Amino acid sequence: MQRRTFLKGSLAGSTVAVAVGAGLLTPGAVMAAWPKRAFETEDMQTAMKDLFGTAQTEPTDDISIKAPDIAENGAVVPVSITSGIAGIEEIAIIAEKNGTPLAANFKLADNAKGFVSTRIKMAKTSNVVAVVKAGGKAYSARKEVKVTIGGCGG
Amino acid sequence: MAKSIRARATLKGDTVTVKSLITHVMETGLRKDEKTGDKIPAHYIQEVTCEHNGKEVVLAQWGPAVSKNPYLSYEFTGGKSGDDVSISWVDNKGEKDSLTVQVK
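Analysis parameters
Residues numbered from 1 in each chain as written. Chains lettered and ligands numbered in written order. Predicted model: local features only at pLDDT ≥ 70, side-chain atom pairs only at ≥ 80, totals over all residues. Heavy atoms only, no water. Core = buried A, V, L, I, M, F, W, Y, C linked by side-chain atoms within 4.5 Å. Buried < 20%, exposed > 50% of the residue type's maximum accessible area, 1.4 Å probe, protein only. Contact = heavy atoms within 4.5 Å. Helix = DSSP H or I, 4+ residues; strand = E, 2+ residues; numbered from the N terminus. Arc of directions from axis to C-beta. Phe/Tyr/Trp six-rings, centres within 6.5 Å; stacked < 30°, edge-to-face > 60°. Salt bridge = Lys/Arg side-chain N within 4 Å of Asp/Glu carboxyl O.

- As annotated in an unreviewed UniProt entry, chain B carries the name Sulfur compound chelating protein SoxZ and comes from Thiohalophilus thiocyanatoxydans.

- Looking at an unreviewed UniProt entry, one finds chain A named Thiosulfate-binding protein SoxY, with Thiohalophilus thiocyanatoxydans as its source organism.

Here you go:
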């Protein structure tokens, strides 16, 4: 059982890495590969590396994060990301101090606007980080959300 | 079927705004059953595919940190009234659902 899980994980991971590296994959084709490692890692840098190939992000004013300053209920924190950066490929939402920081990643086609909105769970007060990948570069912005009651159970 | 999804797509100017709500437990796997103390197994949506006339516009990849009964909104250009907008999700247990609505 363990061996099987391992094989599955490593196979999927390497195939995708090769294909993406070769620039063969359109967002549609990547679809089958949910980035398991990025979602399960406890380290934000690792998550970004897995998703975008780099943990280096350039801070920018051209990403705006709409989220409450104080979230009374950490189980439901509305987060909207808007960005005017040209050619956005992906937008990731990260809650810095969650056990597994990566909350969501959105792959956008050419005709999608630089906007996504959803609701996430936050374990405690921390920064919400939005990472936008465009033209092979990663940009980021952050906003602190104070959480009164954590929302990850446990 | 599509009982789990509610969605609305509205056209304003050249932009279609899609708003959707999905009914799902989004269980993290960290919570414990209050009576038995057993961990409740993780059960959450991993991917939501959003299409416009059969062409993918947004692919959302989610972890368990997306809230219960997830809300998702996005915008795209190039749509017109009457176009199909479809949303389909699949979770970590392989359960899935989809819904197609028309742009208003």
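After presenting the structure, the write-up continues.
Some details on the nonpolar core
Thinking step 1. Ranked by size, the top nonpolar core spans 67 residues in total, and within it V79, I81 and F106 of chain A together with V48, W62 and Y74 of chain B carry the most contacts.
Thinking step 2. Once residues lying within four places of it in the same chain are set aside, the contact partners of I81 of chain A are I63, S64, I65, I91, I93, G114, F115, V116 and A130 of chain A.

Notes on helix 4 (residues 44-52) of chain A
All names here are of chain A.
Thinking step 1. Those residues of helix 4 not exposed but buried are M44, A47, M48, L51 and F52. Within helix 4, the buried residues cover an arc of 100° as seen down the axis, which keeps them to one side.
Thinking step 2. Contact partners of the buried residues in helix 4: helix 3 (36-40), strand 5 (88-95), strand 6 (102-108) and strand 8 (126-134).
Thinking step 3. Of the residues flanking the end of helix 4, it is G53, one or two places downstream, whose phi is positive at about 80°.

A word on the packing of aromatic side chains
Thinking step 1. One pass over the full model with this rule turns up 3 aromatic pairs over all chains.
Thinking step 2. Plain terms: the ring middles of W34 of chain A and F39 of chain A are 4.8 Å apart, the flat faces sit at 5° to each other, and that makes the pair stacked. Of the two residues examined, W34 of chain A and F39 of chain A, each falls in the buried class.
Thinking step 3. Where Y74 of chain B meets F76 of chain B, the ring centres are 6.3 Å apart and the plane angle is 25°; that geometry is what we call stacked. Here the two residues Y74 of chain B and F76 of chain B agree in accessibility, since each one is buried.
Thinking step 4. Aromatic rings pair up to connect W34 and F39 of chain A together with Y44 of chain B into one cluster.

Things to note about the pattern of salt bridges
All names here are of chain A.
Thinking step 1. If you walk through the whole model with that rule in mind, you get 10 salt bridges over all chains.
Thinking step 2. For K137, the salt bridge is made with E58, and the minimal N-O distance between the two is 3.0 Å. A residue pair is termed long-range when its members are at least 10 positions apart, and K137 in strand 9 (residues 137-149) and E58 in strand 1 (residues 58-59) qualify at 79 residues.
Thinking step 3. Taking relative accessible area as the criterion, K137 reaches 41% and is therefore assigned partly exposed.
Thinking step 4. You can call E58 partly exposed: its relative accessible area is 37%.

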